[in-house]
Amino acid sequence: MTSATPRPQTPASTAPDAVAPSGPRPRPRMIATDLDGTLLRDDKSVSDRTVAALAAAEEAGIEVFFVTGRPARWMNVVSDHVHGHGLAICGNGAAVVDLHGGPGGHLFVKVRELEREIALDVVRRLRAAAPGTSFAIERTGGLHHEETYPPLHMEPGESVAPAEKLLAPHPGDSAADQPVLKVLAYHPELAPDDFLVIARAAIRDRATVTRSSPSALLEISGPGVSKASTLELCCAERGITPEEVVAFGDMPNDIEMLTWAGTSYAMGNAHPDVIAAASGRTVANNEDGVAVVIEQILAG
């Protein structure tokens with residue numbers, strides 16, 4: 001999730017517990033969880049129950065990875081809850097970040113950038129396919145946006161100009177030399193899922209297009225870059241197989257991760273496509289659905 005726009009309130013789930021996938025499963029070695037709408041409550045807090053569950057998982061030898069659409073600088077909300085490796089996957093897989101430095105002290109460990117030429121092509125294609133679209137450029141150092149881009153985010157943009165200018169090289173400008181992690185595209189009239197369909201048809205395999213906001217805000221990363229593909233890289237470095245991963249999510253940007261992981265849970269407040277993709281289901285984020293499952297894993 002990259003927008004600060006509040007999510008619609010979801011009625012509390014009537015399910016007394018999580019619905020686990022059927023069949024035998026290996027004991028997990030990694031828990032991969034989205035943040036907004038998943039681990040975090042709607043007020044962006046991490047409940048005491050969830051903090052305790054995350055700590056218990058780490059104590060039991062299960063690594064916890066936060067896998068989010070948020071940029072690294074928005075990770076303060078969970079920086080007090082990192083254990084062990086201290087790594088998080090940010091920007092829908094565009095970056096792996098070491099959070100050990102605490103607020104403002106994060107370190108980019110891996111960057112999977114969106115090349116400037118592809119980003120410009122994405123802007124061109126979307127301007128033609130969905131007139132009225134406005135854009136923002138997410139770089140490793142901050143957000144830059146067009147004048148018509150709405151104030152959806154938690155911070156002001158560092159520079160304001162047409163996307164084509166924001167993506168043009170500027171000798172001597174350190175911000176312009178920073179890697180592009182995502183292009184954000186907003187449409188003021190289209191329904192969110194309709195905008196996603198239009199954009200994917202226009203962009204095709206030139207880039208990865210997804211969404212996590214309740215508004216018509218798309219998140220566009222480099223080709224092949226997703227939460228799943230970067231999580232796969234991190235797991236391969238540790239000798240962890242997909243069958244040993246339990247993943248949690250609530251929005252379309254989580255679908256690839258949920259289908260890649262051997263066991264996955266859609267939150268009780270999840271998008272219908274996420275529910276269809278996951279192998280299991282837990283209660284809503286406001287009911288500590290991630291903690292419910294972790295407690296069951298540790299008890300079993």
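In short, a report on the structure.

The rules behind each value
- Residues numbered from 1 in each chain as written.
- Predicted model: local features only at pLDDT ≥ 70, side-chain atom pairs only at ≥ 80, totals over all residues.
- Heavy atoms only, no water.
- 1 Å grid on protein atoms, 1.4 Å probe; cavity = no way out; pocket = protein on both sides within 12 Å on 5 of 7 lines; lining within 4 Å.
- Points joined across faces, edges and corners; volume = space filled by probe spheres on them.
- Nonpolar A, V, L, I, M, F, W, Y, C, P; charged D, E, K, R; others polar.
- Buried < 20%, exposed > 50% of the residue type's maximum accessible area, 1.4 Å probe, protein only.
- Helix = DSSP H or I, 4+ residues; strand = E, 2+ residues; numbered from the N terminus.
- Pairing = 2+ DSSP bridges.
- Phe/Tyr/Trp six-rings, centres within 6.5 Å; stacked < 30°, edge-to-face > 60°.
- Axes fitted to C-alpha atoms, helices over the stretch in contact; angles between N-to-C directions.
- Contact = heavy atoms within 4.5 Å.
- Parallel < 35°, antiparallel > 145°, perpendicular 65-115°, else oblique.
- Left-handed = near helix turned anticlockwise from the far one by under 90°.
- Core = buried A, V, L, I, M, F, W, Y, C linked by side-chain atoms within 4.5 Å.
- Expected span 1.5 Å × (residues − 1).
- Disulfide = S-S within 2.5 Å.

A closer look at empty space enclosed by the protein
The tally for this structure, following the rule as stated, stands at 4 cavities of 30 Å³ or more. Counted as a void, the largest cavity has a volume near 60 Å³. Together, Asn92, Thr208, Thr210, Ser221, Val225, Ser226, Lys227, Asn253 and Glu256 line the largest cavity. Split into classes, the residues belonging to the lining of the largest cavity amount to 1 nonpolar, 6 polar and 2 charged.

Topic: the pairing of strand β11 (residues 245-249)
Of all 5 residues that make up β11, 5 are buried, and the element is covered over most of its length. Of the two faces of β11, both are covered, the one formed by Val245, Ala247 and Gly249 as well as the one formed by Val246 and Phe248. Summarising the sheet, strand β1 (residues 30-33) and β11 pair through 4 bridges and their orientation is parallel. Counterpart to Thr33 in the pairing with β11 is Phe248. Relative to strand β12 (residues 263-266), β11 runs parallel, the two sharing 4 bridges.

Observations regarding the packing of aromatic side chains
Counting across every chain of the model gives 1 aromatic pair. Taking 5.5 Å as the distance between ring centres and 15° as the angle between the ring planes, the aromatic pair formed by Phe248 and Tyr265 counts as stacked. Separated by 17 residues along the polypeptide, Phe248 in strand β11 and Tyr265 in strand β12 bring together distant segments of the chain. Each member of the pair, Phe248 together with Tyr265, is buried.

Observations regarding the sheet that holds strand β10 (residues 217-221)
Taken in spatial order, the 5 strands line up as β7-β6-β8-β10-β9 in an open sheet, and their pairing is antiparallel. Each having just a single partner strand, β7 (142-145) and β9 (208-211) make up the two edges of the open sheet. Between one strand and the next, the sheet's axes are offset by a mean angle of 25°, whatever the strand orientation. Strand direction decides the pairing type here: strand β6 (residues 134-139) and strand β8 (residues 180-186), joined by 6 bridges, are antiparallel. In the strand pairing of β8, Ser134 is matched with Tyr186. Helix α3 (residues 116-129) rests against β6, β8 and β10 of the sheet, and its axis sits at about 165° to β6. In this fold helix α5 (residues 192-203) packs onto β8, β9 and β10, with an angle of close to 180° to the strand it touches most, β9.

A look at the packing of α3 against α5
Contact pair α3 / α5: the axes reach a minimum separation of 9 Å and the direction vectors enclose 125°. By the angle between their axes, α3 is oblique relative to α5. With respect to the hand of their crossing, α3 and α5 are arranged in right-handed fashion. Touching Val122, Arg125, Leu126 and Ala129 of α3 are Phe195, Ile198, Ala199, Ala202 and Ile203, all from α5. A per-class count over the contact of α3 with α5 returns 8 nonpolar, no polar and 1 charged.

Comments concerning the nonpolar core
Generally speaking, a soluble globular protein has its nonpolar side chains buried in company with each other. Of all hydrophobic cores here, the largest spans 31 residues; its most connected members are Phe66, Met75 and Val78. Looking at this core, the elements that each hand over two or more residues are α1 (35-39), α2 (48-59), β2 (63-67), β3 (87-90), β4 (95-98), β11 and α9 (289-299). Residue contributions to this core peak at 6 residues, all from α9. Among the nonpolar cores identified, the runner-up in size contains 25 residues, and Ile118, Phe135, Leu166 and Ala185 belong to it.

What to know about α3
Taking 1.5 Å as the rise per residue, α3 with 14 residues should run 20 Å; its terminal C-alpha atoms sit 20 Å apart, in good agreement. Residues of α3 that are buried: Ile118, Ala119, Asp121, Val122, Val123, Arg125 and Leu126.

Details of the state of the cysteines
Considering all chains together, one arrives at 0 disulfides under this definition. With no disulfide of its own, Cys234 lies 7.0 Å from the sulfur of Cys235, the closest cysteine sulfur. A relative accessible area of 2% means that Cys234 is categorised as buried.

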